[in-house]
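Residues per chain are reported as follows:
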Amino acid sequence: MDVRGKLAILADAAKYDASCASSGAKGARDRKKNSDPGLGSTESMGICHSYTPDGRCVSLLKILLTNYCIYDCQYCVNRITSDVRRARFKIDEVVSLTLEFYKRNYIEGLFLSSGIIGSPDDTMIELTEVARRLREDHQFRGYIHLKTIPECSEELLEQAGRYADRLSINVELPTETDLKKLAPEKRTPQIEAAMAEVKARRDANRADRRRGFKASPFAPAGQSTQMIVGATDTPDRDILRTSTRLYQRHDLRRVYYSAYSPIPHADARLPGQSPPLVREHRLYQADWLLRFYGFEAEEITPDDAPDLDLELDPKTAWALRHRGLFPVGVNTAPREMLLRVPGLGVRSVDRILKIRRFRALRLADLKRLRVPLKKARPFLLTADPGGGKHLDSESLRERFAPKPTQRLLFDAAGSALTGEV
């Protein structure tokens, strides 16, 4: 098989990894004049787009080293018992592809993962060697994200962190029970042990640099993980608890949530269709509340509501359950309480705190700050009269819930293809 054929297979196999978002690519209509998009295609040949914290869009070559795997994880299309077409890159082929794409300004970095070849160490040796050749032999200074294989040796983990900007180790499923059910060859303790090792080496590296030693950076962009949701009936409460534990113990930069996608010849224990995509979206919103808004998992998903509300964002759902805490004064409430007001983000709250030192804020001021007043006004008191008057209304939830839409007859064509009703 030539490199182009391998790229088509292994780029497609990498799409199931949600650790970088695939969006922002130009549509096919922008390339009508070229019937053969070639290896530079931003849609079908492995180029994905990720976004930096400052909003920049970064293009990455996102591929697997191989889609062969010795494990039999039932939710994975590349499991050993799957009948998918297999391919495997040579190390030099990945290096050459990365450099050629980079020189043509198609990409700014590499996202490289792999199925397990032989053993975790065998796989990690090849992944690390790709990064080493790029860095040392070709002086490549672009972004490199390597998937780390749990149970690989500490020496290989050390090398990977020296060459890669970010390392990620997939936790796979929300709980140990889920792993035993669908991926019995994997264990949560081994996965978290690898995460702990990465954290320890990052901490030691930062400590050396603070003391003035010229230590080479170790995974300077941190580590992340991916969790498949919807493959089991684990509630959102347990998913968020696992995320909270991982953030606190291992200093993760991100937990990525990937909605389960049905695969051919799937095990009978797996669901026949994907969970609603809005569930994945709600989990990301809840994750944001955990990291930046001071919420706890038990607040967002209490015992009487273990799953997130699919109609309302998690902050609004929480506020409606705790109406007795509102309305709060925009000119007097502490930052922690303002962050819990629906519609108020971190940036808006920080601006409010600065402005109110000099004068009282009114609704017109919030509008100029681009605060969504339709969402925030029932929960706020401003210098204007009459704030919070709709808070006790029984129809307040309807104000925030999405309006029902009329399905069209031809929508059935999409349902026939996807299986979704």
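Throughout this document, residue positions are counted from 1 along each chain, in the order its sequence is written. Two thresholds apply to this predicted model, a pLDDT of at least 70 for residue-level local features and 80 or more for giving and counting side-chain atom pairs, whereas whole-chain, interface and lining totals are computed over all residues. Working from all heavy atoms in the structure, the side-chain values ignore hydrogens and water.

(A) Spatial organisation of the packing of aromatic side chains. Pairing of aromatic rings covers Phe, Tyr and Trp, the last through its six-membered ring, and needs centres within 6.5 Å; plane angles under 30 degrees mean stacked, over 60 mean edge-to-face, and all others mean tilted. Going through the model one piece at a time under the given rule, you end up with 8 aromatic pairs. With a centroid separation of 6.0 Å and 85 degrees between ring planes, the pair formed by Trp318 and Phe326 is classed as edge-to-face. The pair formed by Trp318 and Phe326 is uniform in burial state, with each residue classed as buried. Measuring from ring centre to ring centre gives 5.2 Å for Phe326 and Phe379, while their planes differ by 75 degrees; the resulting arrangement is edge-to-face. One end of the pair, Phe326, is in the loop between helix 10 (314-321) and strand 8 (328-329); the other, Phe379, is in the loop between helix 14 (373-376) and strand 9 (380-381), and 53 residues separate them in sequence. The buried label goes to any residue with under 20% of its type's maximum accessible area, the exposed label to any with over 50%, and the partly exposed label to all in between, with areas taken from a 1.4 Å probe on protein chains only. For Phe379, a relative accessible area of 0% corresponds to the buried category. Taken together, the ring pairs connect Phe295, Trp318, Phe326, Phe379 and Phe400 into an aromatic cluster. Placement of a charge over a ring requires the Lys NZ or Arg CZ to be within 6 Å of the ring centre, with the centre-to-atom vector within 35 degrees of the ring normal. If you follow Lys62 out to its NZ or CZ, it ends over the ring of Phe111, 5.6 Å from the centre. Positioned above the aromatic ring of Phe295 is the side chain of Arg340, whose terminal nitrogen or guanidinium carbon lies 4.1 Å from the ring centre. Elements are defined by DSSP. Helices are runs of H or I of four residues or more, strands are runs of E of two residues or more, and each kind is numbered from the N terminus.

(B) Here's a closer look at the pairing of strand 3 (residues 109-113). Here strand 3 lies mainly inside the structure; 5 of its 5 residues are buried. Here strand 3 shows two buried faces, one formed by Gly109, Phe111 and Ser113 and the other by Leu110 and Leu112. Examined bridge by bridge, strand 3 and strand 4 (residues 143-147) share 4 bridges and lie parallel to one another. Pairing of Leu112 across the sheet is with Leu146, part of strand 4. Following the backbone out of strand 3, through helix 3 (residues 120-137) and into the adjacent parallel strand 4, one traces a crossover that is right-handed. Pairing between strands is defined by DSSP: at least two bridges between the two strands are required. Consider the strands pointing away from the viewer: the crossover is right-handed when the path from the first strand over the helix to the second runs clockwise.

(C) Spotlight on the confidence of the model for the chain. Per-residue pLDDT for the chain has a mean of 86; in total, 86% of the residues score no lower than 70. Confidence of the predictor at the level of single residues is captured by pLDDT, which takes values from 0 to 100. Contacts are assigned to residue pairs with any non-hydrogen atoms lying within 4.5 Å of each other. Confidence over residues 21-44 falls short of pLDDT 50; this stretch has 35 contacts with residues more than four positions distant or in other chains.

(D) Main features of helix 8 (residues 277-292). With 16 residues, helix 8 extends 23 Å from end C-alpha to end C-alpha; this agrees with the ideal 22 Å at 1.5 Å per step. Restricting attention to buried positions, one finds in helix 8 the residues Arg279, Arg282, Leu283, Ala286, Asp287, Leu289 and Leu290. Down the axis, helix 8 shows its buried residues gathered within 155 degrees of arc, on one side only. Contacts from the buried residues of helix 8 go to strand 6 (223-229), helix 7 (236-250), strand 7 (254-259), helix 9 (297-300) and helix 10. Where helix 8 ends, the next residue or the one after it, Gly294, has phi of about 80 degrees, a positive value. In this analysis, the expected span of each helix is defined as 1.5 Å times one less than the number of residues it contains. The directions considered for the arc are those from the helix axis to the C-beta atoms.

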